[in-house]
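Residues per chain, in single letters:
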Amino acid sequence: MNIAVMVKVLPDDQDIVVTADRKLDASKAKPVVSTYDLNAIEAAALLAADTGAATTAIVAGPASVDDSKTKKNILSRGIDALAMAADDALADMDARQTAQALAAMVNQADGIDLVICGDGSADLYAQQVDVQLAEALGWPSLNGVTAITAGDGTVTVERVLENERETVTLPLPAVLSVSPDIAVPRIAGMKDILAAGKKPVTMYAAGDLGELAPAAVEVIDVSAPEPAARKKELFDAAQDGELDAFVAALKGAL
Amino acid sequence: MDFKITDEQELMLDNLREFCAREITEERIQKWYKDRRVEPEVCKAYLDAGFGYLFLPEEYGGIPSDAVTLALVVEELMRCTGATMSFMSYGLAMFDLAEFGSPEQVKMGMEAYQKTGEQCFSLALSEPGAGSDNMSMTATVHWNDDGTCVLNGTKTMVSHAETAPFIMFIGKDEDPSHDNKSMSMFLIPKDAEGVKMAPLHKIGQTITNFDEIYFDNVVVPQDMLLGKKGEGFKQLMKNFELERIMLAAHSLGLAQAALEDAARYAAQRMTFGKPLYMHQLIQEKLTDMETTVQNMRNLLYKTAWEFDQGMSVRLDSALCKRYLSSMCTKVASDAMQIFGGIGYTTECRIGRIWEDCRGDSFAGGTEEIMVHIAGRQVVKKYAADLL
Amino acid sequence: MKALVFAESEPAARELSAGARTLADEVTLVTFDDPVAGVADRVVTVTVPEGHPKEDALETFYQVYQDVQPDIVLVEPTRRLKTIAGRIAAREGASVITDAMALADGVATSMYFGGVGVRTAKAATPVTFVTVAPGTFADAEPSGTDAAEAVAFVEPAVPLTLVAREDLPPAEVDLTAAERVVAAGRGFAAEEQLGLARDFCQKIGAELGCTRPLTESETWFPREAYIGVSGLILNPEVYVGIGVSGQMQHMVGVDRAKVSFAINKDKNAPIFQQVDYGLAGDIADVLPKINAEL
């Protein structure tokens, strides 16, 4: 079996600065792997270790995603190979455009049986790349997956929805979006970190992926929210009477 | 000059921070300081994540590494935890054993290390009458004709004595007199007959247990000899320079933790209607602390780099050990001053950091012994023609 | 304007249909199994045959979509409907805007980077697809006929096999409806300590939720108790965070509280900058005292 895991590389939100006009400046932010994609990578790596499958991570984004540390980070987590399209023509893609770029790379990787996506990206959390990708590939898909078992030309998954739990069998090839609960991302071993730089990486330019569809969503504005006005009164329980003052404030609000 | 660290080193440090965030909570640290040990499960997790295999020979599952990487890891571990996490000494002990031990001894040590992730042996070196002055030791090894040896003596300030399954004992062959340079090392089980220990209570670094060990006619087979008969002292000195570099990294990490705690406190604490850091006396302290910590780091990294290049670090490792171990206490002390009275309580970790830093002045050779080593080297460096 | 509503639950069917009514003059609701009366002009029900997961209703939903030819599709933000609506949008060259907290003139407001930013966006395609968070149309009144029709299930090209299905135990709490909400965070060292928080909740008549670590790394709470960016976004009158550090990912879930309180051991915890009243103190020490005073 060949497993591909879709990974978004985006600015570290710890480094995003709110400017004076409440815009978000990510220009100084380091690229990092989107949080829940780490769980998807872990799920892919564990499934591959179970089944002897080969794993490829696939990334598409602006030129800034081509970061040597981030690439090694991905490859230190039990993933065999990386395919990456890093091109400013691929900046600010919506879910549909992202899925199209990824679908082109899945098709070019040849022989992929199972695509695994994370629960949602750290920035948009739209939870739409998995279904857009499934539609682009013409494959079935399921989300909310908490466990995967490989069968003969199938996978059987457990999934948790809002009010129910299911076990479903999908014929391969298929797309799965995994819940963060599926696996805790590993702390990569030192040996795996040292070996990561030696693993195969295939780089693509936007032109290799066919013509990108026009944006399906037009972004009007992104700004930092106005902070709620809070009193920020701090009482110290170690000081006489301050605990009582806190309780009095609490009683006043009830 | 290149101060950039590699992707691999950055990833290791990222992973180390994640490890600390998951496994080493402040509550746990406080418990470990009370218990005089780190829970074996956490030691094991640290080893299994690979950190504990750095620098060990590959044939024993080790990961080729260098002193710079090891120093970065030690520094970050102390910075993240603000505690004397002695994991790195566990690995260094194994490194020593791999160098001098017979294949059987290394295998035995490695099995013990891999089982719990804890240090596999304690080093019984210092004596009540012989600290840095190792030649004054009076512990003896008597060689019998029947293939056994008898070990006698009192060893003190032995770190990890209660938790390590083995003891590395060093004593003088037959004759305890000062001039006898023939010493032998043994790797013996902690529970060998005639071995007794009693805890010593340090004021800081209590996360590492510390004991006096009494060897009363301990009879051991001669194949417990570690390395060569009579060459114990030479062996002992072999890895001291690397040890000094790692102790300095320990000092640096604690100083960095103290500095960060102080800066964060100064940013939030309000006095006389403004944040503490807006007072110039506090700004001066923070400025000097930052300069000191940067100096500490530069000297450490340079020394570690020289070590990796195969250059002699006889002088620089001693300078490094002396400078960093004294400066970390200064930085921690200034940090405590910024905290004010609360810094002198157990409400925040700055007191613990200060206590631990103070201990670095003694660990692995006192600051004065470092002068003893370095002073003559300085003259050699600049006035060799006059000697 | 024609609006199409996809909903699984009755409350969402009502709210989204009511919202759709404010945007369009013709509202069609598609739901599973049982129709919801009086909320739409036309209610279409889809019954999925046994042995299929409900996602296999994609082709059936798509047939209704093609039949209605809507201008806007309002979708309940459930996992199943995100798949069905997402795939229909993909076929139409569109993309679903998810988890909108507000929707006005086709412009949807949603969170960016878990609350670091707020994003406004609209469809660049002829049809708008949007999943709408509960409460967005809370003020709109539904109206409609009782006309309901069941459509025949259309078999998908690649059917999936439902092996097993069970209802999750019903949520013990409904935090979305609670006026007073208490959140427990990492400051709780042991599960037993939560008893203090439960006592506190009883005293002030609040429901107890938690931050993400308490459902993920510790399994002290059911998932539906998790407050924050990928969990619940609440509108309580009173919020009290206990042992909560104040990370953005959690705070976006309670930022809209009218009055907020925090108890934390660490005076420097970021949460104290984000609440009205803070108390610095150890949970084990201060909670019993507070409970005694209430």
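From a predicted model like this one, the values you see are computed outputs, not experimental measurements.

Digging into the packing of helix H4 (residues 129-137) of chain A against helix H3 (residues 79-91) of chain C
Two elements in contact, H4 of chain A and H3 of chain C, have axes whose closest approach is 8 Å; the angle formed by their N-to-C orientations is 50 degrees. Considering their axes alone, H4 of chain A and H3 of chain C lie oblique with respect to each other. The handedness of the crossing between H4 of chain A and H3 of chain C is right-handed. Contacts from Val-131, Gln-132, Ala-134, Glu-135 and Ala-136 of chain A of H4 of chain A reach H3 of chain C at Thr-83, Gly-86, Arg-87, Ala-90 and Arg-91 of chain C. For the contact of H4 of chain A with H3 of chain C, the class distribution of residues is 4 nonpolar, 3 polar and 3 charged.

Side note on the pairing of strand E7 (residues 81-86) of chain A
Residue and element names in this part refer to chain A. With 5 of its 6 residues buried, E7 lies for the most part within the structure. Here strand E6 (residues 54-61) runs beside E7; their pairing, made up of 6 bridges, is parallel. In the strand pairing of E7, Gly-61 is matched with Ala-86. The pairing of E7 with strand E13 (residues 201-204) spans 4 bridges and is classified as parallel. Within the sheet, the bridge partner assigned to Leu-82 lies in E13 and is Val-201.

Points about the nonpolar core
Formed by 303 residues in total, the largest nonpolar core has its most connected members in Ala-255 and Ala-332 of chain B together with Val-5 of chain C. It is helix H8 (residues 240-268) of chain B that provides the largest number of residues to this core, a total of 15 residues. Among all residues touching Ala-332 of chain B, those that are not within four sequence positions of it are Leu-254, Ala-255, Ala-258, Ile-350, Ile-353, Trp-354 and Cys-357 of chain B.

Comments concerning the sheet that holds strand E16 (residues 277-280) of chain C
Read across the sheet, 6 strands follow the order E15(A)-E16(C)-E15(C)-E14(C)-E12(C)-E13(C) without closing on themselves; strand pairing throughout is parallel. In this open sheet, the two strands that pair with only one neighbour each are strand E15 (233-236) of chain A together with strand E13 (207-210) of chain C. Neighbour to neighbour, the strand axes of the sheet diverge by 20 degrees on average, direction disregarded. Relative to the sheet, helix H6 (residues 242-253) of chain A contacts E15 of chain A together with strand E14 (238-242), strand E15 (259-264) and E16 of chain C, its axis offset from that of E15 of chain A by approximately 135 degrees. Contacts from helix H4 (residues 194-204) of chain C reach strand E12 (180-184), E13 and E14 of chain C, with the element oriented near 170 degrees to E12 of chain C.

Describing the environment of Ser-9 of chain C
Tracing the chain through its elements places Ser-9 of chain C in the loop between strand E1 (2-6) and helix H1 (10-23). Each C-alpha atom of the pair Ser-9 of chain C and Gly-185 of chain C lies 30 Å from the other, and the pair is 176 residues apart in sequence.

Brief notes about the domain arrangement of chain C
Residue and element names in this part refer to chain C. When its domains are assigned, chain C resolves into domain 1 (2-151) and domain 2 (175-293). In this structure, domain 1 and domain 2 have C-alpha centres spaced 33 Å apart. Opposite the 7 residues of domain 1 that make contact, domain 2 presents 7 residues. Its residues placed into classes, the side of domain 1 that touches domain 2 shows 4 nonpolar, 3 polar and no charged.

Let's talk about the interface of chain A and chain C
Every contact between the two is made by 66 residues of chain A and, on the other side, 66 residues of chain C. For the side of chain A that touches chain C, the secondary structure elements donating two or more residues are helix H3 (95-109), H4, strand E9 (141-150), strand E11 (164-171), strand E14 (217-223), E15 and H6 of chain A. Of the residues forming the side of chain A that touches chain C, the biggest block, 8 residues, is contributed by E11 of chain A. Among the residues forming the side of chain A that touches chain C, the class breakdown is 37 nonpolar, 12 polar and 17 charged. Relative to strand E11 (residues 161-167) of chain C, E11 of chain A runs antiparallel, the two sharing 6 bridges.

Brief notes about the UniProt feature "domain: Electron transfer flavoprotein alpha/beta-subunit N-terminal" (unreviewed entry) in chain A
Mapped onto this numbering, the UniProt entry annotates "domain: Electron transfer flavoprotein alpha/beta-subunit N-terminal" (unreviewed entry) at residues 21-213 of chain A. In residues 21-213 of chain A, the share of helix is 29% and the share of strand is 30%. The end C-alpha atoms are 32 Å apart.

Some words on the packing of H8 of chain B against helix H11 (residues 350-359) of chain B
Residues and elements named next belong to chain B. Their axes nearest at 10 Å, the elements H8 and H11 cross at an angle of 155 degrees. Taken as axis vectors, H8 and H11 run roughly antiparallel relative to one another. Where H8 crosses over H11, the two elements pack in a sense that is left-handed. For the pair H8 and H11, the contacting residues are Ser-251, Leu-254, Ala-255, Ala-257, Ala-258 and Asp-261 in the first and Ile-350, Ile-353, Asp-356 and Cys-357 in the second. Residue composition of the contact of H8 with H11, by class: 7 nonpolar, 1 polar and 2 charged.

Quick look at the environment of Phe-129 of chain C
All names here are of chain C. Residue placement: Phe-129 occurs in strand E9 (residues 128-132). Overall, the presence of 29 C-beta atoms within 10 Å leaves Phe-129 in the buried class. For Phe-129, the contacting residues outside a window of four places in its chain are Val-73, Val-75, Ala-85, Ala-89, Ala-94, Val-96, Ile-97 and Ala-123.

Comments concerning H1 of chain C
All names here are of chain C. The terminal C-alpha atoms of H1, which comprises 14 residues, lie 20 Å apart, in line with the 20 Å expected from a rise of 1.5 Å per residue. With 11 of 14 residues buried, H1 is to be regarded as a mostly interior element. Contacts made by the buried residues of H1 are with E1, strand E2 (26-32), strand E4 (72-75) and E9.

Re the sheet that holds strand E7 (residues 107-112) of chain C
The 4 strands lie next to each other as E14(A)-E8(C)-E7(C)-E6(C), forming an open sheet whose pairing is antiparallel. Edge positions in the sheet fall to E14 of chain A together with strand E6 (102-104) of chain C, since each has one partner strand and no second. Averaged over all adjacent pairs, the angle separating strand axes in this sheet is 25 degrees, with direction ignored. In this structure, E14 of chain A lies alongside strand E8 (residues 117-123) of chain C, joined through 6 bridges in antiparallel fashion. The residue of E8 of chain C that forms the bridge with Glu-218 of chain A is Lys-122 of chain C.

Conventions we followed
- Residues numbered from 1 in each chain as written.
- Chains lettered and ligands numbered in written order.
- Predicted model: local features only at pLDDT ≥ 70, side-chain atom pairs only at ≥ 80, totals over all residues.
- Axes fitted to C-alpha atoms, helices over the stretch in contact; angles between N-to-C directions.
- Helix = DSSP H or I, 4+ residues; strand = E, 2+ residues; numbered from the N terminus.
- Parallel < 35°, antiparallel > 145°, perpendicular 65-115°, else oblique.
- Left-handed = near helix turned anticlockwise from the far one by under 90°.
- Contact = placed C-beta atoms within 7 Å.
- Nonpolar A, V, L, I, M, F, W, Y, C, P; charged D, E, K, R; others polar.
- Buried ≥ 20, exposed ≤ 12 C-beta atoms within 10 Å, placed from the backbone.
- Pairing = 2+ DSSP bridges.
- Core = buried A, V, L, I, M, F, W, Y, C linked by C-beta atoms within 7 Å.
- Domains from an automatic or database assignment.
- UniProt positions renumbered as here; feature names shortened; annotations may be inferred.
- Expected span 1.5 Å × (residues − 1).

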